[in-house]
Amino acid sequence: RKEVEQDPGPFNVPEGATVAFNCTYSNSASQSFFWYRQDCRKEPKLLMSVYSSGNEDGRFTAQLNRASQYISLLIRDSKLSDSATYLCVAFSWGKLQFGSGTQVVVTP
Amino acid sequence: GAVVSQHPSWVICKSGTSVKIECRSLDFQATTMFWYRQFPKQSLMLMATSNEGSKATYEQGVEKDKFLINHASLTLSTLTVTSAHPEDSSFYICSASLRTKGNFEQYFGPGTRLTVT
């Protein structure tokens, strides 16, 4: 079983709509979590850190549910530029464990 | 801030040759750097953790004699793929850790796309 699991998508989202997706993690000792964004053939870029129950940054809201061991990401008012693969990452024992990513495609 | 560079950004080499990839933290000192490999449509797989001044810690299944890592300074780590084979063709990404306000974040280099012919 993978340490971090994500729905690969793609999530096709009309521009301006809201999209949300989750990831689950298996290691209950994971200390912190992150959402990274990865564009095709590029390196991952940190989108948000999730250290407690969750946080919000502009149109992006991340939530952490430790009891159920999942993290969610919600994107409001989707822009065309939000099209990317979103990587869920858990940090435990000094290492980052990456999910395979959720592809989001925002359409005009 | 928190910029990490990699060089080269892409390289094509012949089977059997060695390739060196450099990873630099440009505006901060990184005691720990990480090397990842990513195959198409797959997640990043951690290959090794590189600590300045000590031997790298390799993940299970990664051959340390094939993937040589040197972390010579607080801003530079190198990965050398020795005797490269076509199956080593991949996207290699390094990252450097930065502790901010007591939290831990990793910043990634732009990656090196290796093609072995």
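Structure: see above.
Re the sheet that holds strand β7 (residues 60-65) of chain A
Across a sheet, paired strands are connected by hydrogen bonds in the backbone, their directions being either parallel or antiparallel.
Residues and elements named next belong to chain A.
Next up, step 1: Strand order in this open sheet of five strands is β1-β3-β8-β7-β6, and the pairing throughout is antiparallel. Looking along the sheet, the strands with just one partner apiece sit at the ends: β1 (4-6) and β6 (54-57). Each strand axis lies, on average, 15° off the axis of its neighbour in the sheet, ignoring direction.
Next up, step 2: The sheet contact formed by β6 and β7 spans four bridges and is antiparallel. Paired with Asp-57 across the two strands is Phe-60, which belongs to β7.

A short note on the side chain of Thr-102 of chain A
Residue and element names in this part refer to chain A.
Next up, step 1: With respect to the secondary-structure elements, Thr-102 resides in strand β11 (residues 102-107).
Next up, step 2: A distance of 2.6 Å separates a polar side-chain atom of Thr-102 from the backbone oxygen of Asp-7.
Next up, step 3: The contacts of Thr-102, once residues within four sequence positions are left out, are Gln-6, Asp-7, Pro-8, Phe-11, Phe-21, Ala-84, Thr-85 and Tyr-86.

Re the packing of aromatic side chains
Next up, step 1: Under the defined criterion, the tally for this structure stands at 11 aromatic pairs over all chains.
Next up, step 2: Note on Phe-21 of chain A and Tyr-86 of chain A: the rings are 5.8 Å apart at their centroids and 50° apart in plane angle, and the pair reads as tilted. With Phe-21 of chain A in strand β3 (residues 19-25) and Tyr-86 of chain A in strand β9 (residues 84-92), the pair connects residues that are 65 residues apart, well separated along the chain. As far as burial versus exposure is concerned, Phe-21 of chain A and Tyr-86 of chain A are alike and both buried.
Next up, step 3: The positively charged end of Arg-113 of chain B is found above the aromatic ring belonging to Phe-91 of chain B, 4.2 Å away from the centroid.

A look at the nonpolar core
Next up, step 1: Formed by 26 residues in total, the largest nonpolar core has its most connected members in Phe-28, Trp-35, Phe-67, Leu-79, Tyr-92 and Leu-114 of chain B.
Next up, step 2: Looking at this core, the elements that each hand over two or more residues are β2 (10-13), β3 (19-25), β4 (32-38), β5 (45-51), β7 (67-73), β8 (76-81), β9 (90-100) and β11 (112-116) of chain B.
Next up, step 3: Ranked by residue count, the leading element in this core is β9 of chain B, at four residues.
Next up, step 4: With residues up to four places along the chain from it excluded, the contact list for Tyr-92 of chain B reads Gln-6, Ile-21, Tyr-36, Arg-37, Met-47, Phe-67, Leu-79, Gly-111, Thr-112 and Leu-114 of chain B.
Next up, step 5: By size, the runner-up hydrophobic cluster in this structure holds 22 residues, among which are Val-4, Val-19, Phe-21 and Val-106 of chain A.

Brief notes about the pairing of β11 of chain A
Residue and element names in this part refer to chain A.
Next up, step 1: Across the two faces of β11 the burial differs, with Thr-102, Val-104 and Val-106 buried and Gln-103, Val-105 and Thr-107 not buried at all.
Next up, step 2: Judged from the four bridges that link them, strand β2 (residues 11-14) and β11 form a sheet pairing that is parallel. The residue bridging Pro-14 from the neighbouring strand is Thr-107, located in β11.
Next up, step 3: The pairing of β9 with β11 spans three bridges and is classified as antiparallel. Note on β11: the bridge partner recorded for Tyr-86 is Thr-102.

Rules behind the numbers
Residues numbered from 1 in each chain as written. Chains lettered and ligands numbered in written order. Predicted model: local features only at pLDDT ≥ 70, side-chain atom pairs only at ≥ 80, totals over all residues. Heavy atoms only, no water. Pairing = 2+ DSSP bridges. Helix = DSSP H or I, 4+ residues; strand = E, 2+ residues; numbered from the N terminus. Axes fitted to C-alpha atoms, helices over the stretch in contact; angles between N-to-C directions. Polar contact = N/O pair within 3.5 Å; in protein donor to acceptor, adjacent residues only side chain to side chain. Contact = heavy atoms within 4.5 Å. Phe/Tyr/Trp six-rings, centres within 6.5 Å; stacked < 30°, edge-to-face > 60°. Buried < 20%, exposed > 50% of the residue type's maximum accessible area, 1.4 Å probe, protein only. Lys NZ or Arg CZ within 6 Å of the ring centre and 35° of its normal. Core = buried A, V, L, I, M, F, W, Y, C linked by side-chain atoms within 4.5 Å.

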